[in-house]
Amino acid sequence: MSVIMSEEIEEIPLASSETSYNDAEKNDIFNREFMPHINSMYNFAFRLTMDEDDANDLVQDTYLKAFRFISSFERGTNAKAWLFRILKNSFINDYRKRSKEPSKVDYQEVETTYNSEEAAEVDHTTDLRVETVQDMIGDEVATALNSLPVDFRTVIILCDIEGFTYEEMAKILDIPIGTVRSRLHRARNLLKDKLKVYASSMGYNTDEY
Amino acid sequence: MVLDMHASASTGENKKYQKEYCEHHTECLKKIQAVLDGEASEAEKEHFRENMDDCLHCIKMYHLEKCVKEALQAKVDKRLCPDNLIATIKSKLNIIS
């Protein structure tokens, strides 16, 4: 797996102090603290890569790295957030370049648009009905989610699907809590736009509430 | 804490004028999202409660945000890790279950 290069994100969260575990302790930590999160990790990997083979590779790489650097993990702390951060960084360093994602240029364009004052004043509520969203099936919601640029998709997955707190998300993504909040806000506006476009194309009534 | 605003949005008692449009909707929407995420400060919760009494626009935003969040939680398929991947990882690391 990758050698950490200077321009790459450091993949393993730094610990204030390292702990030396014996083989039995490593085994125990792996089974009791890391493995319970493997389904969430796989789901996150799949939603990031949108490809089963890439998700398999990403989860495997993440767990191998987690075990290799297990001394950086403090037993009894938030293993799920620790693992998610490694997975997210591995994705950025190793998979994002070759994934089927919209390019980074597209992401920056979207973020610029949603950062602008003009866009901030757009009302995202008047043309999507609660009933429309309630009538949608899971695949339709997932399609809208998958169509978001990965950085926006990521915050929605972490918050709404995995239930992380803003503080945990800030640590996983290595960004300030204020950025978590603003990115979530923009991501949700974009998601509602996608849902609205999709609903219109499917003939749902989106004219009013 | 998620506050249930259905009551204030639907009861006819003490009915008073409700704004159809919110001139602060972007800031209000951020507060609504923080409330639904269980991350709102006391000041944000208080602002939220007050707005829910007189701003129809904020009430509608609240219901839509809640609905979208619930759809993401309940409707989007959660992929499970394949058993053979778990076995492969444990085998590579010589992990004993």
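Residues numbered from 1 in each chain as written. Chains lettered and ligands numbered in written order. Predicted model: local features only at pLDDT ≥ 70, side-chain atom pairs only at ≥ 80, totals over all residues.

(A) Layout of the overall build of chain B. Looking only at helices and strands, chain B has five helices and zero strands in total. Secondary structure elements of chain B occur, N-terminal to C-terminal, as α-α-α-α-α. Relative to its 97 residues, chain B shows a buried fraction of 32%. When contacts within chain B are restricted to residue pairs at least 6 apart in sequence, those whose partners lie at least 24 apart make up 71%. (Helix = DSSP H or I, 4+ residues; strand = E, 2+ residues; numbered from the N terminus. Buried ≥ 20, exposed ≤ 12 C-beta atoms within 10 Å, placed from the backbone. Contact = placed C-beta atoms within 7 Å.)

(B) Structural detail: the overall build of chain A. What chain A contains, in helices and strands, is eleven helices and zero strands. Put simply, chain A runs from its N terminus to its C terminus through helices and strands in the order α-α-α-α-α-α-α-α-α-α-α. Taken over 209 residues, chain A has a buried fraction of 37%. Relative to all contacts within chain A whose residues are 6 or more apart in sequence, the contacts with residues 24 or more apart total 77%.

(C) Focus on the interface of chain A and chain B. At the junction of the two partners, chain A supplies 41 residues and chain B supplies 32 residues. Of all the elements in the fold, those that place two or more residues in the side of chain A that touches chain B are α1 (23-34), α2 (38-49), α3 (52-68), α7 (130-135), α8 (138-146), α9 (150-161) and α11 (177-201) of chain A.

(D) Up close: the domain arrangement of chain A. Residues and elements named next belong to chain A. When cut into domains, chain A gives domain 1 (23-98) and domain 2 (104-201). Contacts between the two partners involve eleven residues from domain 1 and, on the opposite side, eleven residues from domain 2. Listing elements by their share of the side of domain 1 that touches domain 2, those giving two or more residues are α2 and α4 (79-95). (Domains from an automatic or database assignment.)

(E) Structural context of α9 of chain A. Most of α9 of chain A is tucked away: ten of the twelve residues are buried. Within the sequence span of α9 of chain A, burial applies to Val150, Phe152, Arg153, Thr154, Val155, Ile156, Ile157, Leu158, Cys159 and Asp160 of chain A. Next to the buried residues of α9 of chain A lie α2, α8, α10 (166-173) and α11 of chain A together with α4 (56-75) of chain B. Positive backbone phi, at 75°, marks Gly163 of chain A, one or two positions downstream of α9 of chain A.

(F) The confidence of the model for chain B, seen in detail. Residue and element names in this part refer to chain B. Summing up the model confidence of chain B, the mean pLDDT is 84 and the portion of residues at 70 or higher is 81%. Within chain B, the lowest mean pLDDT, 44, falls on helix α1 (residues 6-10), and the highest, 96, falls on helix α5 (residues 83-93). Low pLDDT, under 50, characterises residues 4-13; the predicted model gives this stretch seven contacts beyond four residues in sequence or across chains. With a pTM of 0.82, the predicted complex shows an ipTM of 0.81. (pLDDT = per-residue confidence, 0-100.)

(G) How the structure looks around the packing of α8 of chain A against α11 of chain A. Residue and element names in this part refer to chain A. One way to put it is that α8 packs onto α11 with a least axis distance of 9 Å and a crossing angle of 130°. Comparing their axes, α11 and α8 come out oblique. The handedness of the crossing between α8 and α11 comes out as right-handed. Residues Glu140, Thr143, Ala144 and Leu145 of α8 form the contact with α11, whose participating residues are Leu191, Lys194, Leu195 and Tyr198. When the residues that make up the contact of α8 with α11 are grouped by side-chain class, the tally is five nonpolar, one polar and two charged. (Axes fitted to C-alpha atoms, helices over the stretch in contact; angles between N-to-C directions. Parallel < 35°, antiparallel > 145°, perpendicular 65-115°, else oblique. Left-handed = near helix turned anticlockwise from the far one by under 90°. Nonpolar A, V, L, I, M, F, W, Y, C, P; charged D, E, K, R; others polar.)

(H) Broad picture of α8 of chain A. Within α8 of chain A the residues assigned to the buried category are Val141, Ala144 and Leu145 of chain A. Axial view of α8 of chain A: buried residues confined to an arc of 100°, hence all on one face. Elements that come into contact with the buried residues of α8 of chain A comprise α9 and α11 of chain A together with α4 of chain B. (Arc of directions from axis to C-beta.)

(I) Up close: the packing of α2 of chain A against α4 of chain A. Residue and element names in this part refer to chain A. Between α2 and α4, the shortest axis-to-axis distance is 11 Å and the interhelical angle comes to 25°. Of the possible angle classes, the one that applies to α2 and α4 is roughly parallel. Here α2 runs over α4; the crossing is right-handed. Where α2 abuts α4, its residues Ser40, Met41, Phe44, Ala45, Leu48 and Thr49 lie against Lys80, Leu83, Phe84, Leu87, Phe91 and Tyr95. In terms of residue class, the contact of α2 with α4 is built from nine nonpolar, two polar and one charged.

(J) Layout of the environment of Arg183 of chain A. Residues and elements named next belong to chain A. You can see Arg183 is positioned in helix α11. Separated by 48 residues in sequence, Arg183 and Asp135 place their C-alpha atoms 27 Å apart. Setting aside its immediate chain neighbours within four residues, Arg183 contacts Asp151, Phe152 and Val155.

(K) Inspection of the confidence of the model for chain A at higher detail. Residues and elements named next belong to chain A. Here chain A averages 83 in pLDDT, and 76% of its residues register 70 or above. Of all helices and strands in chain A, the one with the weakest mean pLDDT is helix α6 (residues 117-120) (44), whereas α2 scores best (97). In this model residues 1-6 is a low-confidence stretch, pLDDT under 50, and it forms seven contacts with partners more than four residues away in sequence or in other chains. When the criterion is pLDDT under 50, residues 117-121 qualifies, and its contacts beyond four places in sequence or with other chains add up to four contacts.

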